[in-house]
Amino acid sequence: MERKIIAIISGKGGVGKTSLAASLASLASKENGINPIILDCDVDAPNLALILPARSENEINSLDTYTTLKAEFIEDLCVHCERCIEEHFCEFEALRWDAEKKIPKIDYLACEGCGACKVLCPEHAFKIDTVKSGEIISYKTKEDKAFVYGKTKLGSTTSGKLVSDMKEFAKNLPEFEESKLVLIDGPPGIGCPVIATVSGLDFVVTITEPTPSGLHDLIRAIEVVQQFNIPFGIIINKSDLKSGFQDGFNDYILETGFNVIGKIPYDINIPRAMSFAENVVDFNPESESSKAIKAIYENLKQLIWS
Ligand code: SF4
Ligand code: SF4
């Protein structure tokens, strides 16, 4: 069996991506004895770790990443001319004047590290440095699965780079060579972290809900995946939702001919499982949603390994 790297993404958050990722990871182990490596690439708001805690706090590894550029002010070189403010060196409004000290102050969160202040200050009183942009955290879960997640530091501008670094990190794990499945809980949206997540993958699962906003965001997510020519399939969560939009949604899916891997009905067991920090297939294996996710897992297996 060849190793496959797959991701679950969604055009927007809150449609069941993380819950599905945790359930599929559990099924891969229980149904096929595959111990997947799991990545949470939702680096701006990672939460899969809540369902997949470490088997031991002492085994949690953390690696700082330094990919964000920020300006630094060198006070000794400043001659207090105030040109940086008067001539509006910073397009990002990250420079403020400290009238008392007669020096500029840098707003760390607003600074984009563009380097304009460094170039424009006649006294070279600014320099640009890489600063800590996030962390890559890794450990073995209680179920003995290798798990990696990333956390972007507030104000960092390089969450896509953090995702790329996480994927490289996972390839260097001792478990990688033997692993038959790398399962990525991707970020929502269509920005840099999503692009970094899907590039180079074997398959992408896009999860959505049958609502106008669900369809709108699904189309955007699919547009991203299609740019990379990666095979993909759709999962419709809360598929029995009486939204008044079912027909429009179903018509669109039929017209496009997109591959629907499965449908998950609305099931109170999913939020209940989440409130106990569990995935639904372990929490209540006989629930309607668990049965649907098992069928999805079987379809997915066919799609990626046949
Ligand atoms: S940082 Fe440069 S431009 Fe700004 S006040 Fe100091 S010397 Fe003048
Ligand atoms: S590096 Fe760019 S964004 Fe940051 S303070 Fe300087 S001019 Fe502004």
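All figures in this text were calculated on a predicted structure; none of them were measured in a lab.

Per the domain assignment, the segments of the protein chain are domain 1 (4-66 + 135-305) and domain 2 (68-131). One C-alpha centre belongs to domain 1, the other to domain 2, and the line joining them spans 41 Å. Each partner contributes to the interface: domain 1 provides eight residues, whereas domain 2 provides seven residues. Interface area lost by domain 1 to domain 2 is led by Y66, G155 and T157, which between them contribute 64%. The interface formed by domain 1 and domain 2 contains zero salt bridges. Taken together, the residues of the side of domain 1 that touches domain 2 break down into two nonpolar, five polar and one charged.

A few words on the site of ligand 1. By nearness alone, 14 residues border ligand 1, and C78, C81, E82, C84 and C121 come closest of all. By residue class, the composition of the shell around ligand 1 is 11 nonpolar, one polar and two charged.

With 16 residues, helix α6 (residues 212-227) should cover 22 Å at 1.5 Å per step; its first-to-last C-alpha distance of 23 Å lies within 8% of that length. Those residues of α6 not exposed but buried are G214, L215, D217, L218, A221, I222, V224 and V225. Elements in contact with the buried residues of α6: β1 (4-10), α5 (192-198), β11 (203-208), β12 (232-237) and α7 (246-256). Where α6 terminates, the next one or two residues include N229, which has phi positive at roughly 60°.

On any regular strand, side chains alternate: one points to one face of the sheet, the next to the other face. Summarising burial for strand β9 (residues 146-152): six of the seven residues are buried, a large majority. Across three bridges, the pairing between strand β2 (residues 37-40) and β9 is parallel. Bridged to D40 within β9 is Y149. Direction of pairing for strand β8 (residues 134-140) relative to β9: antiparallel, over a ladder of seven bridges. Of the residues in β9, the one forming a bridge with I137 is Y149. Counted between consecutive antiparallel strands, the loop separating β8 from β9 contains five residues, among which D144 sits at a positive phi close to 70°.

This part takes up the environment of G244. Looking at where G244 falls in the secondary structure, it is placed in the loop between β12 and α7. Along the sequence, G244 and P210 sit 34 residues apart, while their C-alpha atoms lie 9.3 Å from each other.

What follows deals with the site of ligand 2. Ligand 2 sits among 13 residues. The nearest are C90, C111, E112, C114 and C117. Classifying every residue of the shell around ligand 2 gives 10 nonpolar, two polar and one charged.

Spatial strand order, β3-β8-β9-β2-β10-β1-β11-β12-β13: nine strands in an open sheet with mixed pairing. Pairing within the sheet leaves two strands with one partner each, and these edge strands are β3 (61-65) and β13 (260-264). Each adjacent strand pair in this sheet contributes to an overall mean axis angle of 15°, direction not counted. As paired elements, β2 and strand β10 (residues 181-188) share four bridges and run parallel to each other. Bridge pairing in β10 places I38 opposite L183. Packing against the sheet, helix α4 (residues 159-171) makes contact with β2, β3, β8 and β9, and its axis sits at approximately 160° to β9. α6 contacts β1, β11 and β12 of the sheet and is inclined by roughly 170° relative to β11.

What counts and how
- Residues numbered from 1 in each chain as written.
- Chains lettered and ligands numbered in written order.
- Predicted model: local features only at pLDDT ≥ 70, side-chain atom pairs only at ≥ 80, totals over all residues.
- Heavy atoms only, no water.
- Domains from an automatic or database assignment.
- Contact = heavy atoms within 4.5 Å.
- Buried area = accessible area lost by both parts, 1.4 Å probe.
- Salt bridge = Lys/Arg side-chain N within 4 Å of Asp/Glu carboxyl O.
- Nonpolar A, V, L, I, M, F, W, Y, C, P; charged D, E, K, R; others polar.
- Near = heavy atom within 4 Å.
- Helix = DSSP H or I, 4+ residues; strand = E, 2+ residues; numbered from the N terminus.
- Expected span 1.5 Å × (residues − 1).
- Buried < 20%, exposed > 50% of the residue type's maximum accessible area, 1.4 Å probe, protein only.
- Pairing = 2+ DSSP bridges.
- Axes fitted to C-alpha atoms, helices over the stretch in contact; angles between N-to-C directions.

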